[in-house]
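Observations on chain architecture
Below, each chain spelled out in residue letters.
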Amino acid sequence: MAAGYADILRAPHAARLLAGTLLGRLPNATGHIAIVLFTRAEGGSYTLAGALAAVYGLATAVGQPLLGRAVDLHGQPRVQLPAALVSACGMALLAAVGTGSLLLAYTAVAVAGLFTPPLEGGLRALWPGILGREDRVHRAYAMDAVAQEVMFTVGPLLVTLLVSLWSPGAALLVINALGLLGALSVVVSEPSRTWRSAPREAHWLGALRSPGLLALLAAFLFVGLALGSITVAGVAYADDHGRQSVYGWLMAALGLGALVGGVLYGARQWAGPPERRLRIITALLALGYLPLVLTPGVAAMTALAALAGVFLAPAIACAFIVVDRHAPRGTVTEAFSWLVTTFGVGAALGTAVAGPAVELGGTPWSFAVAAAGGFAALLVLTATQGVLSAPAREAALPAPEGAAGTGAAQIDRNGAVQPGFSSGREA
């Protein structure tokens, strides 16, 4: 298991690109937390803090696919680094002006969110050219999903530490400075500088003209809804038990489950179409959320939370493969960015729905929202399996080193290598 991941990290540039991307995405992973803490420290209300965080999240959701399309058209360095710089300046403006001027505060968070660089989609566009073989790319997707779980666990802790050692304003500045350094590390690397998207057909819909991609995005809207509702449901459960620390245990258990699931998923090669595998994983994800409705004692609930998290990272990793197969030629970064956006919008909807569910039926109902989201995602994948079974294009991977000929190789839907196709990556 460890040998497979070590093989990925030993590939030229792989460890640097993974680390740089995670560091570059740190502001996005912690931005809403830092904004809330900063607003409260400035004397702002919870309503204002929530509104500023919501604007930041909405602006990020809008900006990711737009910037992803720009990356596909113009390359990574010309988009990623300027976007990261503008986004960091937006957060610096918030730290400088505070919440005294609401217009400036809202403008600052909107700019910071809108220009968040699409590093996540950019990394997934680079993996095929770096790793070559299909099995290594799929393992890298799983490792990527696991690394995200670590980042979304460690990131909030880092913000809290910076706030306690300095101030919320300093936390905003440091987090975004680190993000800018991460983006810089990525774009000056050779794979990022030389990567070129495959030629694309001019179309105003871009990646969204793929029916299969639209089906996947619809399903992952509900996966995001399930995950978002759990954050609210966990707070309600902790309140029921009179200890806020219980919330931390539940979230840590979910993260640990996802970490274990992602590691195990990436440790082996999987046969068969990934679309069918994604349906199975999503069914298990939905079933994993269902026992949370029972809301047992803290120890049992923590164990159930860990079980519920096991299939999240595998679902995300498998979705990466499906996106790559269904993204129209020349739109891969944009397509991955749409997945990020859809997942984030779904999570926001989940938090919005789970709140009223608690008020109407108590904590079990809020966990029922998570289970319902999982089953809704499964329903979408099942209803659209016809379009999902016909990829818009096959995942294009370079030929193994030393292979005959100068053309690239392409992996078909059955995993066979078909030589002579363009990989979409040029020197």
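The structure this text deals with has already been given above.
Now for a quick tour of the structure.

Scoring rules and cut-offs
Residues numbered from 1 in each chain as written. Predicted model: local features only at pLDDT ≥ 70, side-chain atom pairs only at ≥ 80, totals over all residues. Heavy atoms only, no water. Helix = DSSP H or I, 4+ residues; strand = E, 2+ residues; numbered from the N terminus. Phe/Tyr/Trp six-rings, centres within 6.5 Å; stacked < 30°, edge-to-face > 60°. Buried < 20%, exposed > 50% of the residue type's maximum accessible area, 1.4 Å probe, protein only. Salt bridge = Lys/Arg side-chain N within 4 Å of Asp/Glu carboxyl O.

A positive phi angle is found at His13, which is not glycine, with a value near 75°. Tracing the backbone through its elements, the reader meets His13 in the loop between helix H1 (2-10) and helix H2 (14-24). Located in the positive-phi region is Thr295, a residue other than glycine, with phi close to 40°. Structurally, the position occupied by Thr295 is in the loop between helix H13 (274-289) and helix H14 (298-309).

What follows covers the packing of aromatic side chains. Using the criterion set out here, one finds 5 aromatic pairs in the structure. With a centroid separation of 5.8 Å and 70° between ring planes, the pair formed by Tyr141 and Phe320 is classed as edge-to-face. Placement of the pair is Tyr141 in helix H8 (residues 134-165) and Phe320 in helix H15 (residues 312-326), with a sequence separation of 179 residues. Taken individually, Tyr141 and Phe320 each receive the classification buried, so the pair is uniform in this respect. Pairing Phe320 with Phe336 gives two aromatic rings, centres 6.2 Å apart and planes at 80°, and the pair type is edge-to-face. Remark: Phe336 occurs in helix H16 (residues 332-361) and Phe320 occurs in helix H15; sequence separation between them is 16 residues.

The next point concerns the pattern of salt bridges. Two side chains with opposite charge may pair up if their charged atoms get near one another. One pass over the full model with this rule turns up 3 salt bridges. Salt-bridge contacts for Arg25 lead to Glu120; the nearest nitrogen and oxygen are separated by 2.9 Å. Of this pair, Arg25 sits in the loop between H2 and helix H3 (26-41) while Glu120 sits in helix H7 (residues 119-131), and the two are 95 residues apart along the sequence. Exposure remark for Glu120: the relative accessible area of 8% places this residue in the buried category.

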